[in-house]
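Summary of structural features
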Amino acid sequence: MNPKIKLWLALAVTLLIPIVSHAQTKPRIIVVTHGQAADSFWLIVRNGVEIATEQTDTNVDYRSPETFDVQAMARLIDEAVASKPDALVVSIPDAAALSRSIKAAVAAKIPVISINSGLEVSRQLGCLMYIGQDEGAAGRKAGQKMKAMGVKEAIILNQEVGNFALEQRIKGFRAGFEGPFHHVQVLAVKMDFGECQNLVRDYLQRNQNVDGILALGPTSAEPALATLVQLGKMGQIKLCTFDISPAVMAALAKKQIEFAIDQQEWLQGYLPIVFLANYVRYGSIPQNDFILTGPSLVTSENIGKVVNLLSLGFR
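Residues numbered from 1 in each chain as written. Predicted model: local features only at pLDDT ≥ 70, side-chain atom pairs only at ≥ 80, totals over all residues. Heavy atoms only, no water.

With that out of the way, let us pick up the overall build of the protein chain. The secondary structure content of the protein chain amounts to 11 helices and 12 strands. Taken over 315 residues, the protein chain has a buried fraction of 54%. Per element, the accessible surface of the protein chain, about 13,200 Å² overall, is 53% carbon and sulfur. (Helix = DSSP H or I, 4+ residues; strand = E, 2+ residues; numbered from the N terminus. Buried < 20%, exposed > 50% of the residue type's maximum accessible area, 1.4 Å probe, protein only. Areas by Shrake-Rupley, 256 points an atom, 1.4 Å probe, with all protein chains shown as cover.)

This is how it looks when you write it as C-alpha cells:
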C-alpha cells in the first residue's frame, strides 16, 4: 500500500477512538454511487463502507441505480438531500448531469465527500474532498506499460460509455501508448458477461492484428479472458485491466492477465465514512482537496501484497 495511504488509514483508525467511547447520537450518512450491485469493484467499495459503519457506530444507507444511469443517480441524490442526512458521499461520473443535485446538497449545509470519479470538479461543486485516483495519470501509466510490453495494436473495452472517469482513462492511455506504430481502438461493450464476451470475440475475429486488450474494469476483463481462452489466443494477445476482482486476482497469479491498475477501492468506501462521522460529531476533518488511493500497478510479482487488504472487501 502507498505510504501516504497508510498514514491516512492510521489517522482514520486513531480518529475512531473518541467516536466509539463518547458519541451520544449516530450520524446518518447516505452514499450514492453509479456502481451496479453486480459489479465486483463496487462490492469492495460497499464492504469498505460497511466496515467503517460498524467501527464508527453510524447509520449509513448505500444507494445506486440498477444500471449505469446518471439521471437515475441524480434522482437518488435529490431524494437523499430531501431526507436531510447528516452527510453525503457521492461518485461523480458525469458532472453535467449531477452538478445541480450535488450543489443542492451543499446549499442545504450537508457536508459532501466525492469518491472514485470527479477529481476535476469536486471542489468546484462544494465537496469537502475527493477520495480516489487520478484517472488520466492511471490511463497514461497503463498505456506506457502496454507499449513497453511490445503491444502495437490495442483495443480498449468500455463497459460504461458516458462515464467521464472512463473517458479520462482512455485519454490517458492514448497519451501513453499511441504513436506512428502504436494504434488504439475503443470497443463499447455490455455489462452482461455473455454479451460482452460475444462482442469481444466478434471483434477479434474481424481484426486479427490486435495484440493487446485493455479492459476498463473487471466486468469487461473477465469476459475478455474467457474469450481469449475460447479462441486459443492466450499469450498471443496481452490482456490488461483496470481494477481488481477475485477473478482478476486469480488471473494475475496465473499470468493470464499481464497487469491491473489498482485504485484501492476498499479505501474509497472506508475513508469517507470515517472522515464524515468525525466531522459530524466533532467538526474535524483533514484539510486536503483530495486523497489519492491510486494508481498502483499490480502484476503476478506483487499480487500477494494486495490480497490481504482486498480480502476485506470480500468478507
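Strand E5 (residues 129–133) sits mainly inside the fold: 5 of its 5 residues count as buried. Relative to E5, strand E4 (residues 112–115) runs parallel, the two sharing 3 bridges. Each bridged residue has a counterpart across the sheet, and for Ile113 the counterpart in E5 is Met129. The pairing of E5 with strand E11 (residues 290–294) spans 4 bridges and is classified as parallel. (Pairing = 2+ DSSP bridges.)

A word on the sheet that holds E4. Ordered by their spatial adjacency, 6 strands build an open sheet running E2-E1-E3-E4-E5-E11, and the pairing between neighbours is parallel. Every interior strand has two partners, whereas the edge strands, strand E2 (59–63) and E11, have only one. Neighbouring strand axes in the sheet, compared pairwise and without regard to direction, differ in orientation by 15° on average. As judged from the 4 bridges shared by strand E3 (residues 87–91) and E4, these two strands associate in the parallel manner. Across the sheet, the residue bridging to Ser91 is Ile115, located in E4. (Axes fitted to C-alpha atoms, helices over the stretch in contact; angles between N-to-C directions.)

Attention now goes to the packing of helix H2 (residues 40–56) against helix H10 (residues 265–282). For the pair H2 and H10, interaxial distance at closest approach is 6 Å and the crossing angle is 30°. Taken as axis vectors, H2 and H10 run roughly parallel relative to one another. In the packing of H2 onto H10, the handedness of the crossing is right-handed. Every residue of H10 that contacts H2 at Phe41, Ile44, Val45, Asn47, Gly48, Val49, Ile51, Ala52, Thr53, Gln55 and Thr56 is listed here: Glu265, Trp266, Gln268, Gly269, Tyr270, Ile273, Val274, Ala277 and Arg281. (Parallel < 35°, antiparallel > 145°, perpendicular 65-115°, else oblique. Left-handed = near helix turned anticlockwise from the far one by under 90°. Contact = heavy atoms within 4.5 Å.)

Taking strand neighbours across the sheet as the criterion, the 6 strands line up as E7-E6-E8-E9-E10-E12 in an open arrangement whose pairing is mixed. Edge positions in the sheet fall to strand E7 (183–188) and strand E12 (296–298), since each of these pairs with one other strand and no more. The sheet shows a mean angle of 25° between the axes of neighbouring strands, direction not considered. Pairing of strand E10 (residues 260–262) with E12 involves 3 bridges; the strand directions are antiparallel.

A few words now on the packing of aromatic side chains. Within the structure shown, the criterion is met by 3 aromatic pairs. Ring geometry for Phe41 and Trp42: centres 5.2 Å apart, planes at 75°, overall edge-to-face. Comparing Phe41 with Trp42, the two get one shared label, buried. A ring pair is formed by Trp266 and Tyr270, whose centres lie 4.7 Å apart and whose planes are at 15°; its orientation type is stacked. Pair noted here: Trp266 and Tyr270 are both in helix H10, with a separation of 4 residues, about one helical turn. You'll find Trp266 and Tyr270 in the same group, each marked buried. (Phe/Tyr/Trp six-rings, centres within 6.5 Å; stacked < 30°, edge-to-face > 60°.)

Grouped together as the largest cluster of nonpolar side chains are 27 residues, with contacts concentrated most on Ile113, Ile131 and Phe275. Listing elements by their share of this core, those giving two or more residues are strand E1 (28–32), H2, E3, E4, E5 and H10. Among the nonpolar cores identified, the runner-up in size contains 26 residues, and Cys196, Val210, Ala221 and Ala224 belong to it. (Core = buried A, V, L, I, M, F, W, Y, C linked by side-chain atoms within 4.5 Å.)

With that settled, consider the side chain of Gln159. Summarising the element assignment, Gln159 is placed in the loop between strand E6 (153–158) and helix H6 (164–177). On the accessibility criterion, Gln159 (9% relative accessible area) is buried. For Gln159, the contacting residues outside a window of four places in its chain are Leu166, Val189, Met191, Leu216, Gly217, Thr219 and Ser220.

So, on to empty space enclosed by the protein. Tallied over the full model, the rule gives 2 cavities of 30 Å³ or more. Reported here for the largest cavity is a volume of approximately 150 Å³. Around the largest cavity, the lining is made up of 17 residues, and of these His34, Trp42, Leu166, Arg169 and Asp243 lie nearest the centre. Of all the elements in the fold, those that place two or more residues in the lining of the largest cavity are H2 and H6. In terms of residues, the lining of the largest cavity owes the most to one element, H6, which gives 3 residues. Approximately 50 Å³ is the volume found for the second largest cavity. Ser117, Gly118, Leu119, Glu120, Tyr130, Gln133, Glu135, Phe164, Ala165 and Gln168 are the residues that line the second largest cavity. Every element with two or more residues in the lining of the second largest cavity is listed here: E5 and H6. A breakdown of the residues in the lining of the second largest cavity according to their chemical character gives 4 nonpolar, 4 polar and 2 charged. (1 Å grid on protein atoms, 1.4 Å probe; cavity = no way out; pocket = protein on both sides within 12 Å on 5 of 7 lines; lining within 4 Å. Points joined across faces, edges and corners; volume = space filled by probe spheres on them. Nonpolar A, V, L, I, M, F, W, Y, C, P; charged D, E, K, R; others polar.)

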